[in-house]
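An overview of the molecular structure
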2 protein chains.
Amino acid sequence: MPLFRKIVIFGAGLIGGSFALALRKANAASEVVGFGRSEATLQQAVQLGIIDRIGQDIAAEAGDADLILLATPVGQMAELMARIAPHLGAHTLVTDGGSTKSDVVAAARANLGGRVAQFVPAHPIAGAEKSGAGAALADLYQGKKVILTPLPENTKDAVARVRQAWEICGAVVSELTPQQHDAVFAAVSHLPHLLSFALVHDLAQRDNRDLLLSFAASGFRDFTRIASSSPEMWRDICMANRDALLDELGRYMEELESLHEALAEADTERLEQTFRTARELRSGWKEQ
Amino acid sequence: MPLFRKIVIFGAGLIGGSFALALRKANAASEVVGFGRSEATLQQAVQLGIIDRIGQDIAAEAGDADLILLATPVGQMAELMARIAPHLGAHTLVTDGGSTKSDVVAAARANLGGRVAQFVPAHPIAGAEKSGAGAALADLYQGKKVILTPLPENTKDAVARVRQAWEICGAVVSELTPQQHDAVFAAVSHLPHLLSFALVHDLAQRDNRDLLLSFAASGFRDFTRIASSSPEMWRDICMANRDALLDELGRYMEELESLHEALAEADTERLEQTFRTARELRSGWKEQ
């Protein structure tokens with residue numbers, strides 16, 4: 001018998017669709033029902049075998065679901081939680097795919113009411129320049145990290161079952177507090193995205209942008225790859241993790257002030273030492 | 001008969017070594033002589049078939065060379081030009097592999113004296129995170145851009161022959177003025193390198209850097225790939241193109257001030273519009 005009889009996903013794009021495909025491939029889900037704001041995406045998800053059917057009524061689907069995944073942009077989660085809260089079954093577990101956690105946890109406390117213990121927050125770390133149901137892959141999470149940020153209210157069993165779902169998708173699961181999570185990702189993910197968007201936005205303002213881009217090469221290509229990410233999603237992430245991101249951005253601007261000074265003063269030693277320290281750390285780093 | 005009887009390269013690492021390997025593979029060079037600061041690199045270059053022999057005496061080698069490539073860090077070029085100038089044959093052409101051009105041209109004017117017309121500056125755009133003779137590849141320049149920044153003193157024939165040498169290496173050759181070149185590369189290459197070094201340097205200062213790095217993923221990986229570049233080379237490039245780079249850095253810091261303000265004011269529209277403009281430009285860009 002599959003681990004989960006019925007799974008409901010809100011958002012059948014890259015994150016939600018890949019979750020569903022992976023659990024179906026592992027025979028861990030008997031039935032997958034999809035909700036979403038885009039009818040076209042949902043119909044595509046049915047055609048691609050991501051979901052069995054399109055949900056019509058949250059009240060009817062949430063009560064007997066074993067597991068619900070919230071895979072919408074984080075900016076929509078509070079409202080969605082308020083809509084599902086009255087209908088959750090006593091055994092229904094809820095997890096999410098949001099890239100920020102403090103805000104999602106706050107939304108859960110505000111909107112899930114007495115059901116908050118059934119929500120085990122998660123952040124799957126999987127590249128997301130592409131989006132939509134067509135981008136979903138059964139092996140998207142294979143070997144990728146998923147971070148759970150369990151609540152004090154969660155039972156051990158609830159955490160274990162949500163962990164198991166992500167592990168069945170192939171993920172390597174770890175746990176942090178929501179605050180730890182957000183501080184970490186402001187530094188290693190959200191700030192780099194902001195910086196990459198900023199560079200390309202600056203170029204886009206210029207009359208000679210075509211000439212400039214015609215000489216851009218592999219360094220530019222890799223540095224700006226993440227500037228192709230979803231504007232809507234990254235607006236939400238930036239807002240959701242605003243405090244930690246403002247700290248990181250302020251810190252980085254000080255770093256640039258320092259480099260500007262070193263360059264203006266022709267302080268070659270400081271420049272080289274900065275580059276050397278960076279290269280040592282970066283060369284010693286292995287993606288895990 | 002090969003196009004060039006004798007080629008002399010100063011610096012037998014990635015840039016110089018790949019140039020020599022490509023010309024030899026195309027039977028365009030009868031003999032390649034190498035000079036360099038590292039005896040070990042030169043010996044390795046002999047073993048790898050990059051050069052035929054290690055040069056001992058510039059006076060003896062420069063006079064009958066058809067083509068000399070200066071493939072040292074740009075910071076060493078002025079001194080090197082002063083050393084070769086008295087010994088250049090009347091037919092000897094000189095080109096270089098430096099990533100900046102205004103400074104190299106200034107060095108040539110100051111140090112090559114009456115031989116400056118024989119110098120046709122070049123910038124091969126080939127990824128350079130790796131370095132050393134062991135990294136040299138016969139096809140490094142295949143399909144890559146090389147930009148010539150000819151001097152008013154150059155004859156058409158001199159420019160044509162240097163262009164031919166780079167084209168034999170497989171490069172797509174174009175021409176800019178030295179000032180155009182440096183403004184373009186400050187924007188699309190030098191600034192991104194500085195920003196990538198800065199991000200990793202900032203992380204390196206922190207007590208929790210190991211935790212942070214353990215959650216870094218593909219976005220971080222690509223954004224910081226260029227922070228593995230040579231500290232010595234990038235110190236030289238930053239210094240050589242200091243004025244244009246300071247302009248770019250100042251402009252970028254204003255861009256970050258603006259984003260900081262948008263974030264602090266929760267101006268979601270401005271954030272999203274910035275990201276959207278960036279994504280449109282980046283998604284429409286194709287590496288040429």
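A word on the overall build of chain A
Counting secondary structure elements, chain A contains 12 helices and nine strands. Relative to the 2.2 N^0.38 estimate, which gives 19 Å for 288 residues, the radius of gyration of chain A is 21 Å and therefore close to what a compact globule would have. Considered along the principal axes of its C-alpha atoms, chain A spans approximately 70 × 40 × 30 Å. When each of the 288 residues of chain A is scored for burial, the buried share is 52%. Partitioning the contacts of chain A with sequence separation of at least 6, the portion at a separation of at least 24 is 79%.

Section: the nonpolar core
One finds Ile7(A), Ile9(A), Ile7(B) and Ile9(B) to be the most contacted residues of the largest nonpolar core, which totals 192 residues. Leaving out residues up to four positions away in the same chain, Ile7(B) has contacts with Ala20(B), Leu23(B), Ala29(B), Val32(B), Ala65(B), Asp66(B) and Leu67(B).

Examining the pairing of strand 8 (residues 172-175) of chain B
Residues and elements named next belong to chain B. For strand 7 (residues 145-148) and strand 8, the ladder comprises four bridges, and the chain directions are parallel. Within strand 8, the position partnered with Leu-148 by the bridge is Glu-175. Once the chain exits strand 7 it traverses helix 6 (residues 156-168) before rejoining the sheet at strand 8, and the crossover so formed is right-handed.

Some details on the sheet that holds strand 8 (residues 145-148) of chain A
All names here are of chain A. Taken together, the three strands give an open sheet; going across it, the order is 7-8-9, and neighbouring strands pair in mixed fashion. Bordering the open sheet on either side are strand 7 (122-124) and strand 9 (172-175), each of which pairs with just one other strand. Taken over all neighbouring pairs, the strand axes of this sheet differ in orientation by 20 degrees on average, direction set aside. Where strand 7 lies against strand 8, three bridges are found, and the strand directions are antiparallel. Residue pairing in the sheet places His-123 in a bridge with Ile-147 of strand 8.

A look at the relation of the copies chain A and chain B
You can overlay chain A on chain B at an RMSD of 0.0 Å; the transform is a turn of 180 degrees with a shift of 0.0 Å along its axis. A rotation of that kind, with that shift, is consistent with a two-fold axis. No C-alpha of chain A lies nearer the rotation axis than that of Phe223(A), which sits 2.1 Å from it. Both copies contact each other with a shared surface, as 100% of the interface residues of chain A are interface residues in chain B too.

Description of the pairing of strand 1 (residues 4-10) of chain B
All names here are of chain B. A large share of strand 1 lies buried, amounting to six of its seven residues. With six bridges joining them, strand 1 and strand 2 (residues 29-35) adopt parallel strand pairing. Paired with Phe-10 across the strands is Phe-35, a residue of strand 2. A crossover connection joins strand 1 to the parallel strand 2 through helix 1 (residues 14-25); in handedness this β-α-β unit is right-handed. The pairing of strand 1 with strand 4 (residues 67-70) spans four bridges and is parallel. In the strand pairing of strand 4, Ile-7 is matched with Leu-67.

Some words on the sheet that holds strand 3 (residues 53-54) of chain A
Residue and element names in this part refer to chain A. Pairing is parallel in the open sheet, where six strands are placed in the order 3-2-1-4-5-6. Pairing within the sheet leaves two strands with one partner each, and these edge strands are strand 3 and strand 6 (119-120). Inspection of the sheet shows strand 5 (residues 93-96) paired to strand 6 by two bridges, in the parallel sense. Across the sheet, Thr-95 pairs through a bridge with Val-120, a residue of strand 6. Each of strand 4 (67-70), strand 5 and strand 6 touches helix 6 (residues 156-168); the most contacted strand, strand 5, lies at about 50 degrees to it.

What to know about the interface of chain A and chain B
Counting residues at the interface gives 74 residues for chain A and 75 residues for chain B. Every element with two or more residues in the side of chain A that touches chain B is listed here: helix 7 (178-204), helix 8 (209-214), helix 9 (218-223), helix 10 (231-240), helix 11 (242-264) and helix 12 (268-284) of chain A. It is helix 7 of chain A that provides the largest number of residues to the side of chain A that touches chain B, a total of 18 residues. Here the residues of the side of chain A that touches chain B sort into 43 nonpolar, 16 polar and 15 charged.

Considerations on the domain arrangement of chain A
All names here are of chain A. Domain assignment breaks chain A into domain 1 (4-176) and domain 2 (180-284). Centre-to-centre, using C-alpha coordinates, domain 1 lies 31 Å away from domain 2. Counting from both sides, the interface comprises 15 residues of domain 1 and, opposite them, 16 residues of domain 2. Residues that form the side of domain 1 that touches domain 2 fall into these classes: five nonpolar, seven polar and three charged.

Observations concerning unusual backbone geometry
Residues and elements named next belong to chain A. Phi angles above zero are rare outside glycine, and Ala-266 is one such case at about 55 degrees. With respect to the helices and strands, the residue Ala-266 is situated in the loop between helix 11 and helix 12. Judged by local crowding, Ala-266 falls into the exposed class, with 11 C-beta atoms found within 10 Å.

A word on the packing of helix 7 of chain A against helix 12 (residues 268-284) of chain B
Where helix 7 of chain A meets helix 12 of chain B, the closest approach of the two axes is 8 Å, and the angle between their N-to-C directions is 75 degrees. Accordingly, the angle class assigned to the pair helix 7 of chain A and helix 12 of chain B is roughly perpendicular. Along its contact with helix 7 of chain A, which presents Phe197(A), Val200(A), His201(A), Leu203(A) and Ala204(A), the element helix 12 of chain B presents Thr274(B), Phe275(B), Thr277(B), Ala278(B), Leu281(B) and Arg282(B). Considered class by class, the residues forming the contact of helix 7 of chain A with helix 12 of chain B number seven nonpolar, three polar and one charged.

Details of the environment of Leu23(B)
Residue and element names in this part refer to chain B. Inspection of the secondary structure assignment puts Leu-23 in helix 1. Distance from Leu-23 to Lys-144, taken between C-alpha atoms, is 15 Å for residues 121 residues apart in sequence. Those residues in contact with Leu-23 that sit more than four places away from it in its chain are Phe-4, Ile-7, Ala-28, Ala-29, Ala-165, Ile-168 and Cys-169.

As for the environment of Leu281(B)
Among the secondary structure elements, Leu281(B) is positioned in helix 12. Expressed as a C-alpha distance, the spacing of Leu281(B) and Gln43(B), which sit 238 residues apart in the sequence, is 46 Å. Apart from residues no more than four positions distant in its own chain, Leu281(B) is found in contact with Val200(A), Leu203(A) and Ala204(A).

Details of helix 11 of chain A
For helix 11 of chain A, which comprises 23 residues, the first-to-last C-alpha distance of 32 Å matches the rise-based estimate of 33 Å (1.5 Å per residue) to within 8%. Backbone geometry just after helix 11 of chain A places Ala266(A) at a positive phi near 55 degrees.

Describing the environment of Asp66(B)
Residue and element names in this part refer to chain B. Along the chain, Asp-66 falls in the loop between helix 3 (58-62) and strand 4. Given 20 C-beta atoms within 10 Å, Asp-66 falls into the buried group. Asp-66 sits 60 residues away from Lys-6 along the chain, and the two C-alpha atoms are 5.5 Å apart. The residues touching Asp-66, leaving out its near neighbours within four places in the chain, are Phe-4, Arg-5, Lys-6, Ile-7, His-91, Thr-92 and Leu-93.

Conventions adopted
Residues numbered from 1 in each chain as written. Chains lettered and ligands numbered in written order. Predicted model: local features only at pLDDT ≥ 70, side-chain atom pairs only at ≥ 80, totals over all residues. Helix = DSSP H or I, 4+ residues; strand = E, 2+ residues; numbered from the N terminus. Rg over C-alpha atoms; globule rule 2.2 N^0.38 Å. Buried ≥ 20, exposed ≤ 12 C-beta atoms within 10 Å, placed from the backbone. Contact = placed C-beta atoms within 7 Å. Core = buried A, V, L, I, M, F, W, Y, C linked by C-beta atoms within 7 Å. Pairing = 2+ DSSP bridges. Right-handed = clockwise from strand over helix to strand, strands pointing away. Axes fitted to C-alpha atoms, helices over the stretch in contact; angles between N-to-C directions. Least-squares fit on C-alpha atoms with pLDDT ≥ 70 in both. Nonpolar A, V, L, I, M, F, W, Y, C, P; charged D, E, K, R; others polar. Domains from an automatic or database assignment. Parallel < 35°, antiparallel > 145°, perpendicular 65-115°, else oblique. Expected span 1.5 Å × (residues − 1).

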